[in-house]
Amino acid sequence: MGPHPTVAAIRLAVRRVLQDVLTAAADPNPVVLAASSGGADSMALAAALAFEAPRLGVRAGAVTVDHGLQDGSARRAQEVATRLRDLGLDPVDVVRVTVGRQSGAPAHSHAYTGGTARRVGPEAAARDARYAALDATAERRGAAAVLLGHTRDDQAETVLLGLARGSGTRSLSGMAAVSGAGGRYRRPFLLLDRDTVRQGCLAQGITVWEDPHNHDPAYTRSRVRHEALPVLEKSLGKGVVEALARTAQLSRDDADALDQWAADAEADAAGDDGSLDVGRLHTLPAAVRRRVLRRAAVAAGSPPGFLFARHIEEVDRLVTGWRGQKALNLPGGVTARRANGRLFFTAS
């Protein structure tokens, strides 16, 4: 008798990713790590990795990150690590990261944006710390890939958050199935819904831990998950999650095409000194032109995370609404100015 249908679907998703990793890896027996918080999604991922890896000649390990945001988090991280080892994963690393607290409220941090400090929310601060820890662990272990347990439901939430920010097509494209330096991060479950993954845990009798932050209304994603999406499904009917995930893929395809067009247009407009020909820029569609301007600003040293649409719109007016404006100051100490029909981006 074969495995439960949900378990079979989970294992198949992981097997396909491992086969892709094997095809791309120089090592015939690469190391692949599962990132696990101890929750149902990531434990299902870890179990599937432990099952499939030895059948494909992959060395399978895991890493769990202790954010230190709750009492007893260190003990809980060790318990998660024990469960991961019990699945047969080796090595299993526990990594402690520091995320600042503020008056007992969810963690926040501040980042310099070229004259002002921007408040970074608790989820973003924890995510940044987590990915830094995963990157460091992958480097130390020589891992060819790190698997993440994001599901189709997570993708739908990400699309809604991007829509609320109003930050364009790339934001609506959600999470990529493959991302990170050299394609390090892989998300096998983006086509599986959360219920399927969690039923797979139940079918295998896997003990899981539910992060209370997932139900804390202080966190934006939690409100989207428990308030916004249920309201949408009640008003619009079932299928909202699937439709949002499909929107993510369509948006990603469009954004990839526009980015490639922008890269080609930038090369065509660039001079030997790195400046851009305003005449060539002016003929481009706005969506492409603004991507070119953003690429140029980032290349000059402007931090991508703090270069917002309003900044690019101001630079765009140097091309489309030229009235002799002065140079513009962008995040990261980058200056954009127009002179002699060319646009210059320089770092201070």
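Above this note sits the structure.
The text that follows walks through the structure, step by step, so that each part is easy to find. (Residues numbered from 1 in each chain as written. Predicted model: local features only at pLDDT ≥ 70, side-chain atom pairs only at ≥ 80, totals over all residues. Heavy atoms only, no water.)

### Let's talk about the sheet that holds strand β8 (residues 185-186)
Strand order in the open sheet formed by six strands is β3-β2-β1-β6-β8-β7, and the pairing between neighbours is mixed. Only two strands of the sheet have a single partner each, and these edge strands are β3 (92-96) and β7 (178-179). Alignment of strand β1 (residues 31-35) against strand β2 (residues 59-66), held across five bridges, turns out to be parallel. Directly across from Ala34, in β2, lies its bridge partner Ala62. The strands touched by helix α3 (residues 73-86) within the sheet are β2 and β3, with β3 carrying the most contacts at an inclination of about 165°. (Pairing = 2+ DSSP bridges. Helix = DSSP H or I, 4+ residues; strand = E, 2+ residues; numbered from the N terminus. Contact = heavy atoms within 4.5 Å. Axes fitted to C-alpha atoms, helices over the stretch in contact; angles between N-to-C directions.)

### Things to note about the packing of helix α2 (residues 40-56) against helix α7 (residues 194-204)
Contact pair α2 / α7: the axes reach a minimum separation of 9 Å and the direction vectors enclose 60°. Comparing their axes, α7 and α2 come out oblique. Two packed elements cross with a definite hand, and for α2 against α7 that hand is left-handed. Residues Ala40, Asp41, Met43, Ala44 and Ala47 of α2 lie in contact with α7, whose contacting residues are Arg194, Val197, Arg198, Cys201 and Gln204. Residues that form the contact of α2 with α7 fall into these classes: six nonpolar, one polar and three charged. (Parallel < 35°, antiparallel > 145°, perpendicular 65-115°, else oblique. Left-handed = near helix turned anticlockwise from the far one by under 90°. Nonpolar A, V, L, I, M, F, W, Y, C, P; charged D, E, K, R; others polar.)

### A closer look at unusual backbone geometry
Outside of glycine, negative phi angles account for most residues, and trans bonds account for most peptide bonds. Backbone torsion omega between Asp90 and Pro91 reads 10°, so that peptide bond is classified as cis. Position of Pro91 among the secondary structure elements: in the loop between α3 and β3. Residues other than glycine seldom take positive phi values, yet Asn340 does so here, at roughly 55°. Secondary-structure assignment places Asn340 in the loop between β11 (334-339) and β12 (342-347). When its relative accessible area of 81% is taken as the criterion, Asn340 is described as exposed. (Buried < 20%, exposed > 50% of the residue type's maximum accessible area, 1.4 Å probe, protein only.)

### Here we look at the side chain of Ser171
Along the chain, Ser171 falls in helix α6 (residues 169-172). Setting aside chain neighbours within four positions, we find Ser171 in contact with Gly162 and Arg165.

### Looking at the layout of surface pockets
A water-sized probe, rolled over the atoms, reveals where empty space remains. Counted as a void, the second largest pocket has a volume near 530 Å³. Residue lining of the second largest pocket: 25 residues in total, with Ala177, Arg187, Pro188, Leu190 and Leu191 positioned closest to the centre. Of the residues in the lining of the second largest pocket, the class split is 14 nonpolar, three polar and eight charged. (1 Å grid on protein atoms, 1.4 Å probe; cavity = no way out; pocket = protein on both sides within 12 Å on 5 of 7 lines; lining within 4 Å. Points joined across faces, edges and corners; volume = space filled by probe spheres on them.)

### Side note on the sheet that holds β11
Across the sheet, four strands lie side by side as β9-β12-β11-β10; this open sheet has antiparallel pairing. Because the sheet does not close on itself, it has two edges, and the strands there are β9 (276-277) and β10 (328-330). In terms of strand pairing, β9 meets β12 through two bridges, oriented antiparallel. Bridging across to β12, Leu276 finds its partner in Leu343. The strands touched by helix α11 (residues 286-300) are β9, β10, β11 and β12; relative to β12, the strand with the most contacts, the crossing angle is about 30°.

### Quick look at the packing of aromatic side chains
Evaluation of the coordinates by the stated rule reveals one aromatic pair. Consider the rings of Tyr131 and Tyr185, whose centres lie 5.2 Å apart with planes at 90°: the pair is edge-to-face. Residue Tyr131 is located in helix α4 (residues 122-141), and its partner Tyr185 is located in strand β8; the two are separated by 54 residues in the primary sequence. Between the NZ or CZ atom of Arg11 and the centre of the ring of Phe51, over which it lies, the distance is 3.6 Å. (Phe/Tyr/Trp six-rings, centres within 6.5 Å; stacked < 30°, edge-to-face > 60°. Lys NZ or Arg CZ within 6 Å of the ring centre and 35° of its normal.)

### Quick look at α7
An α-helical segment advances 3.6 residues per turn. Residues three or four places apart therefore align on the same side. All of the buried residues along α7 are Arg194, Thr196, Val197, Gly200 and Cys201. Elements that come into contact with the buried residues of α7 comprise α1 (5-24), α2, α5 (152-165) and α8 (220-236). Two or three places before Asp195, at the opening of α7, Asp193 has a side-chain oxygen 3.1 Å from that residue's backbone nitrogen. (Polar contact = N/O pair within 3.5 Å; in protein donor to acceptor, adjacent residues only side chain to side chain.)

### Regarding the environment of Arg317
Inspection of the secondary structure assignment puts Arg317 in helix α12 (residues 309-320). When the C-alpha positions of Arg317 and Val7 are compared, they lie 54 Å apart, and in sequence the two are 310 residues distant. In this structure, Arg317 is in contact with Trp322 and Gln325, ignoring residues within four places of it in sequence.

### Topic: the nonpolar core
Counting 33 residues, the largest nonpolar core has Val32, Leu49, Leu84, Leu89 and Phe189 as its most contacted members. Sorting the residues of this core by element identifies α1, β1, α2, β2, α3, β6 (143-147) and α7 as the ones contributing at least two each. By residue number, the principal contributor to this core is α2, which donates 10 residues. Listed in part, the 25 residues of the second largest apolar core include Ala262, Leu293, Ile312 and Phe345. (Core = buried A, V, L, I, M, F, W, Y, C linked by side-chain atoms within 4.5 Å.)

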